[in-house]
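# Chains, contacts and geometry: an overview
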Amino acid sequence: MAVVTLDRLTKIYDRAHAPAAEDVTLEVRDGEFMVLLGPSGCGKTTTLRMIAGLESITSGTLSIDGRVVNGVPAKDRDIAMVFQSYALYPHMTVRENLGFGLRRRAVERAEIDRRVAAVAGVLGLAGLLDRKPHALSGGQRQRVALGRAIVRDPKVFLFDEPLSNLDAALRVSTRGEIAALHRRLQATMIYVTHDQVEAMTMGTRICIMNGGRVVQVGAPIDVYRRPANTFVAGFLGNPPMNLMPAVVTDGPGGRRLRVGAADLDLPAGAAPSLAPGTAVTFGIRPEDVGDPATTGAHRAGVAVEIVQVERLGAETMAIARMPGLERTLVARIAGDAPFTIGERRTLSLDLTAAHLFDASGVALRPEG
Amino acid sequence: MGEAPAHRDDGLRKPWGTIVAFLLPAVTIYVALTAYPAVRTLWNSFHKVLPRRDEYVGLANYVELAGDEIFWKAVRNTIVWACTSPLVEVSVAMLLALALYAKVPGARFFRVAWFTPVLMSYVVVGILWLWIYNYDWGPVNAALRALGLGALAHPWLGDPATALPSLIFVTSWMWTGFNMVVLLAALHSLPREVIEAAELDNCGWGGKLVFVILPLTRATVLNLIVLSFIGKMKIFDLVWITTKGNPLWATETVSTYVYKRAFEWTTFDLGYPSTIATVWFVIVLTTVLAMTWAFRRREKLEF
Amino acid sequence: MTASVLKRTLLLLGLSLYTAFASGPFVWAAMMSLRTTTEIHRSHFALPFPAHWHKFPEAWFNSNYATYFGNSVQVVVTAVVILTVVGAMAAHCLARYRFRLNRVIYFVLFSTIIFPPQITIISLFQILVQYGLYNSKVGLTLVYVAIQLPLTIYILESFFARIPSDLFDAARMDGYSDWEIFWRVALPIALPAVATTIILNFILLWNEFLYAVVLITDEDNRTLPLGIQRFIGDTQEDVGMIATGLMIAIIPVVVVYAFFSEKLIQGMTAGAVK
């Protein structure tokens, strides 16, 4: 149980022109499951490795429970880490792998045996204790790697993309196991991934990083609903949010937008009042674009041409072109929606769920 | 992860102490017993080096070397050796490897049996082949006589015309199995699909060999040729045990000549043999570099 | 069908002939080692009946074979042990740590593999004389370590470099020091490659002749290859006795080969396969 505080953590590698992580400030609360999410090279792994003590900190302070640990070696930080490649010792049995960290910490033999047995029971490894890692399946290796962390009962758990070597089905079940584990242990966990589904489903909060910097921190649904900028908007969600260039035109409340050839009047709850002529980015999630049959307040119809239809069974993705726009618009509609390619029709946008971003990509929030 | 390079530094400042501690023994041995001697040989080559006194002679040794007929004879012999033996070894090895690749029964036994010669020291091999080439009772002449070809029986190592080819034959006999094993491993690592694709493209065994197998094992083949070439440029033991460079310098190699000039001739001068060694070193280095440059893969092959 | 059977038979016949060619000389020598020279001169290719096993103890006791054999074991084993530890340390360091001179050191060591031995052997002779190590087993051992070091490091480095760095990170979080990471994680994992280099170095040094002939003259310090050469000189025309002597020299290699043929083949070819 611990609070991990990152204060303006920066890492600059030797002879690198740009910092790998820059001014990363984040507080991971006690018992929280914090997900560091971002694309390859965004600095999330570097940040995790600084927390672990595997990477030196160029500047900034890292503290655990209020104690600054910048200079404390990895082994003395009371942190356990689950690696992407599992990093099991191939020359040791499962039992030895599990007990190893404890043996290094001079825990008594009987106590080690007891804890190893307990963890093996929880993770279903009891029958595999005398095997070596090469005789295990990918999922079993993954569980040994988890077990090796749990058995130490550390203050903080770190995960470095632990599911990326598993196949799709196993990934889903292991995801559930880790989430259950977190609920049971109530421990502080920091989890690095580039997979937004993992982030959304497991995280208490998500910290989205890009280009070495923190972009947004918040509960998954908040981040999804209120992305701080176009990067987050385009990164979270599958398919991602539709983003199109727009200009504010003369209209009631300064909320009339020209998007391609269409004029849209945003409700006061969706956008602030802007001066006419302001260039903005208009964003709307695919699920907020639909069949005109679904009616409601603040829905606006736009004329489009359907260019592609992807039927996924439960739902259908319709990709449409709006007149006067290069970017296509993706709509998530019912599985049996009778759309055909080449068809010209109207799609309705739920403008209460619209997002606006300024020219630099930062979200424009409604007043009040 | 894209941000994790294959060789990662240790993070917590560069552990120079550890790096030095790990490398120090190896580097010390290397400097003391390889680098320093090599430099000293170069120094020797400009001197007359007698047991108790060195004397600077400038380029005199090099001038003498340029006119040293035995040296050039030795160079010629060694280069002939280094150019013929690898080709024989690797081509015979390829045939044998293909035979085993074609799933012949007992492939494992053949592989183990063919590999044996390379495990023996040149001393043992040399003595065995002295007997095999023996004029009176060696199996070669015995076989010729038995076939009624007694006229062809020959003192193989005693005749300047046949001595060198006979010894080259011995090295090829010795190393073919080694090359075969490496080539067989290369063949087994070829992607099955590519060979099956060639079958669908209507290639017979010959077609598969020329259009698929040889191009794909090219790197290994060239590697083996270079390796064998380097080995033959160093050849000493076999000659020393069998002919000592005789008859009439017909089998003299650079290595045996250096040894003779340094430790057998009563000149006691270590400067002149050092000059030979230096010149030979430059020749070997440039040919090997030239070979690697000429053989280097122009493009990476992706399976 | 019959054509393919015929082809197969011909192929097998050819391969068997080659097998006879490749291993025939040893079989012949092995047969002669059990026969007396008089028997041999009566018929050179007869089978060894009756087998004169007593020739082996005779060859062993009537010459300095025991000394030669003991010297070889002593020099080769010591050299291989040093090579393994020193080579593995350097290889681990070059594979794991990234620093400015890393590739330079690696390339310099590696390029030494193509050096002709003459470039060092004369000076090594001078140096060993200077330091009183000429004609000593210690001197020869050191030289053996030096000549095999580059290949050892080359083979081990390529194996160490394949160990995922996550494993070293995990070991560090478990509190291993740098030395322990090498000794208790990297080395055990690299055991197959280490075994390969041990076998390779053992065979190459067991058979080594050139450096031995230059650096050792004393009868008491001769290694086996030198001893055999000496033995021929002493027993000149006694073919049967020489054959026995050769067999004694080969036996350790044959024994190792009988038990570890795969590992040995792997070791010998390790340097050639990239």
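The structure presented is a predicted model; accordingly, all values stated were derived computationally and were not measured. (Residues numbered from 1 in each chain as written. Chains lettered and ligands numbered in written order. Predicted model: local features only at pLDDT ≥ 70, side-chain atom pairs only at ≥ 80, totals over all residues. Heavy atoms only, no water.)

Before going further, it helps to spend a moment on the sheet that holds strand β11 (residues 242-249) of chain A. Residue and element names in this part refer to chain A. Strands sit in the order β13-β12-β11-β14-β20 across an open sheet of five strands; the sheet is antiparallel. Every other strand in the sheet has two partners, leaving β13 (262-265) and β20 (355-357) as the edge strands with one partner each. Taking each pair of neighbouring strands and ignoring which way they run, the sheet shows an average axis angle of 40°. Sheet analysis places strand β12 (residues 256-259) next to β13, joined by four bridges and oriented antiparallel. From the neighbouring strand, Arg 256 faces β13, where its bridge partner is Asp 265. (Pairing = 2+ DSSP bridges. Helix = DSSP H or I, 4+ residues; strand = E, 2+ residues; numbered from the N terminus. Axes fitted to C-alpha atoms, helices over the stretch in contact; angles between N-to-C directions.)

For the rest of this paragraph, the subject is the interface of chain A and chain C. Taken together, the contact between chain A and chain C spans 24 residues of the former and 17 residues of the latter. Note on chain A versus chain C: buried area summed over both sides is about 1700 Å², and carbon and sulfur give 55% of it. When residues of chain A are sorted by the area they lose upon contact with chain C, Tyr 89, His 91 and Arg 104 of chain A head the list and together hold 31% of the total. Where chain A meets chain C, there are three salt bridges. Put simply, Arg 104 of chain A and Glu 180 of chain C hold a salt bridge, and the shortest N to O gap is 2.9 Å. On the surface where chain A and chain C come into contact, there are 10 residue pairs in polar contact (both at pLDDT 80 or more). Elements supplying a minimum of two residues to the side of chain A that touches chain C: α1 (44-52), β6 (79-82) and α2 (94-104) of chain A. (Contact = heavy atoms within 4.5 Å. Buried area = accessible area lost by both parts, 1.4 Å probe. Salt bridge = Lys/Arg side-chain N within 4 Å of Asp/Glu carboxyl O. Polar contact = N/O pair within 3.5 Å; in protein donor to acceptor, adjacent residues only side chain to side chain.)

With that out of the way, let us pick up the sheet that holds strand β2 (residues 21-28) of chain A. Residue and element names in this part refer to chain A. In space, the four strands of this open sheet follow the order β2-β1-β4-β5, with antiparallel pairing throughout. Each edge of the open sheet carries a strand with a single partner, namely β2 and β5 (67-68). Pairing between strand β4 (residues 59-64) and β5: two bridges, direction antiparallel. Bridge pairing in β5 links Ile 64 to Arg 67. Sheet strands touched by α1: β1 (4-11), β2 and β4. Its angle to β1, the strand with the most contacts, is close to 120°.

All right, on to the packing of aromatic side chains then. Aromatic ring pairs are described here by two measures, namely the spacing of the ring centres and the angle between the planes. Here the structure, examined in full by the defined rule, presents 45 aromatic pairs over all chains. Judged by centre distance (5.1 Å) and plane angle (35°), the rings of Phe 100 of chain A and Tyr 176 of chain C are tilted. Highlighted residues: Phe 100 of chain A in helix α2 and Tyr 176 of chain C in the loop between α8 (165-173) and α9 (178-189), drawn from two different chains. An aromatic cluster of three or more residues is present, and its members are Phe 109, Phe 110, Trp 114, Trp 129, Tyr 133, Phe 169 and Trp 173 of chain B together with Tyr 18, Phe 21 and Phe 26 of chain C. Above the plane of the ring of Phe 168 of chain C lies Arg 96 of chain C, whose end atom (NZ or CZ) is 5.0 Å from the centre. (Phe/Tyr/Trp six-rings, centres within 6.5 Å; stacked < 30°, edge-to-face > 60°. Lys NZ or Arg CZ within 6 Å of the ring centre and 35° of its normal.)

Right, let's talk about the domain arrangement of chain A for a bit. Many structure descriptions define interface size as the accessible area lost when the parts assemble. Residues and elements named next belong to chain A. In terms of domains, chain A is made up of domain 1 (4-235) and domain 2 (242-364). Residue-level contacts link eight residues of domain 1 with nine residues of domain 2. Taken together, domain 1 and domain 2 are joined by zero salt bridges. Our enumeration of links across domain 1 and domain 2 arrives at four residue pairs in polar contact (both at pLDDT 80 or more). Looking at the side of domain 1 that touches domain 2, the elements with two or more residues in it are α7 (220-225) and α8 (230-235). Here the side of domain 1 that touches domain 2 gets three residues from one element, more than from any other, and that element is α8. Classifying every residue of the side of domain 1 that touches domain 2 gives four nonpolar, three polar and one charged. (Domains from an automatic or database assignment. Nonpolar A, V, L, I, M, F, W, Y, C, P; charged D, E, K, R; others polar.)

This brings us to the nonpolar core. Note that soluble globular proteins tend to have their nonpolar side chains buried in a common cluster. Ranked by internal contacts, the top residues of the largest apolar core, which has 227 residues, are Trp 114, Leu 119 and Trp 131 of chain B together with Phe 160 of chain C. The residues contacting Trp 131 of chain B, other than those within four sequence positions of it, are Trp 137, Gly 138 and Pro 139 of chain B together with Trp 28, Met 32, Val 239, Ile 242, Ala 243 and Leu 246 of chain C. Grouped together as the second largest cluster of nonpolar side chains are 43 residues, Phe 33, Ile 112, Ala 120 and Leu 125 of chain A included. (Core = buried A, V, L, I, M, F, W, Y, C linked by side-chain atoms within 4.5 Å. Buried < 20%, exposed > 50% of the residue type's maximum accessible area, 1.4 Å probe, protein only.)

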